[in-house]
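For reference, the chains in residue letters:
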Amino acid sequence: MGKRGRIFLLCALAGGMAFGATLDEKGFVRDWLVSGPYPNYLRTDGSTRGIGTDFLADAGGEQFAFPKAGDARTATFTADASKLIAGQGSVNEWGKIETFTADATWKAMTFGDGVIDADTVFGDVKDYFVLYAMAYFTAPEATDVRIAVGSDDYHAVFLNDKAIGSKKTSQGVQPGTFNYDARLRKGRNKLLLKLVEVGGGSGFCVQVLGRDGRPVPGLVVDNALSAADLAAFAKELHPPRPA
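Residues numbered from 1 in each chain as written. Predicted model: local features only at pLDDT ≥ 70, side-chain atom pairs only at ≥ 80, totals over all residues. Heavy atoms only, no water.

### Things to note about the overall build of the protein chain
As a reminder, the rule being used: Strands here are runs of E lasting at least two residues and helices are runs of H or I lasting at least four, both read from the DSSP assignment and numbered beginning at the N terminus. Throughout, exposure labels follow a simple rule: accessible area from a 1.4 Å probe, protein chains only, divided by the maximum for the residue type, with under 20% read as buried, over 50% as exposed, and the rest as partly exposed.
Helix and strand counts for the protein chain come out as one helix and 14 strands. Burial analysis of the protein chain (243 residues in total) assigns 49% to the buried set.

### With respect to the environment of Glu62
Short version of the rule: Contacts: residue pairs with any heavy atoms within 4.5 Å of one another.
Along the chain, the position of Glu62 falls in the loop between strand E2 (31-39) and strand E3 (74-77). Each C-alpha atom of the pair Glu62 and Phe158 lies 8.2 Å from the other, and the pair is 96 residues apart in sequence. Discounting residues that sit within four places of it in the chain, Glu62 has contacts with Thr53, Asp54, Phe55, Leu56, Tyr132, Phe158, Leu192 and Lys194.

### Quick word on unusual backbone geometry
Glycine aside, a negative phi is what most residues show, and trans is what most peptide bonds show. Between Gly36 and Pro37 the backbone carries a cis peptide bond, its omega angle lying at 5°. For the peptide bond that leads from Asp152 to Asp153, omega is 20°, which places it in the cis range. Phi at Asp161 takes a positive value of approximately 70°, unusual for a residue other than glycine. Looking at where Asp161 falls in the secondary structure, it is placed in the loop between strand E9 (154-159) and strand E10 (162-167).

### Description of the sheet that holds strand E13 (residues 203-210)
Defined as follows: Should DSSP find at least two bridges between two strands, the strands are taken to pair.
Taken in spatial order, the four strands line up as E6-E13-E8-E11 in an open sheet, and their pairing is antiparallel. Of all strands in the sheet, those bounded by a partner on one side alone are strand E6 (116-117) and strand E11 (178-184). Judged from the eight bridges that link them, strand E8 (residues 143-152) and E13 form a sheet pairing that is antiparallel. Bridge pairing in E13 links Ile147 to Val208.

### Things to note about the pattern of salt bridges
Pairing between side chains becomes possible if they bear opposite charge and their charged atoms approach one another. Selection criterion: Definition used for salt bridges: Asp or Glu carboxyl oxygen within 4 Å of a side-chain nitrogen of Lys or Arg.
Taken as a whole and judged by the stated rule, the model has nine salt bridges. We note a salt bridge from Lys190 to Asp161, for which the minimum N-O separation is 2.6 Å. Of the two residues, Lys190 is situated in strand E12 (residues 187-196) and Asp161 in the loop between E9 and E10; the sequence distance between them amounts to 29 residues. Accessibility classification places Lys190 together with Asp161 in one group, the buried group. Within the structure, one salt-bridge network assembled from shared partners comprises Arg146, Asp181 and Arg211.

Right, dumping it as structure tokens:
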């Protein structure tokens, strides 16, 4: 686990976000749809299972999910008696003696800073969890971009239903640690980040930049899409094949 710098979560509003929010002056995405926590179970060799587990498989999968705010989800965190720590009464990675179910409903959240402290998002689940963050945004023109990611710890990134990058390493959150070249389409786009926490602090940040490293002008985030909006968007990304 890399040592993290001090990260402040200035605000997180779980009720709806401002319509038509723009990226900040450094290109950070601060408006997200967030789902989690999901369990990141430890293996006997000390590795974890979360990065290879698709927790959205029942909703199209990580690559093809089109969630909207309020879509209900739950996640079960199973207590394993074989992991009992003598004298501590803990039988799973989250200090729980009994199996519990977490509310993983997709929530619209607006963060006060582009570098997001994920430890504050899910209450007492602060270690060994998986988080999904989705942003829908429009671009005035098709353009080549660089998706700059900082993550503590592992991550995977999907743009318009295409996997554009992933990393299975532990480090503190630093903007631009990982950079993935991609291309935005004119009009609506979707960006999904999967964050996998493996102990200690946790957080993430995402910037949408031009290939010159500068913020892309005119990008507008709109995470308040209706089911009809999302169905139409899905058809744009995946038009039906001619009969």
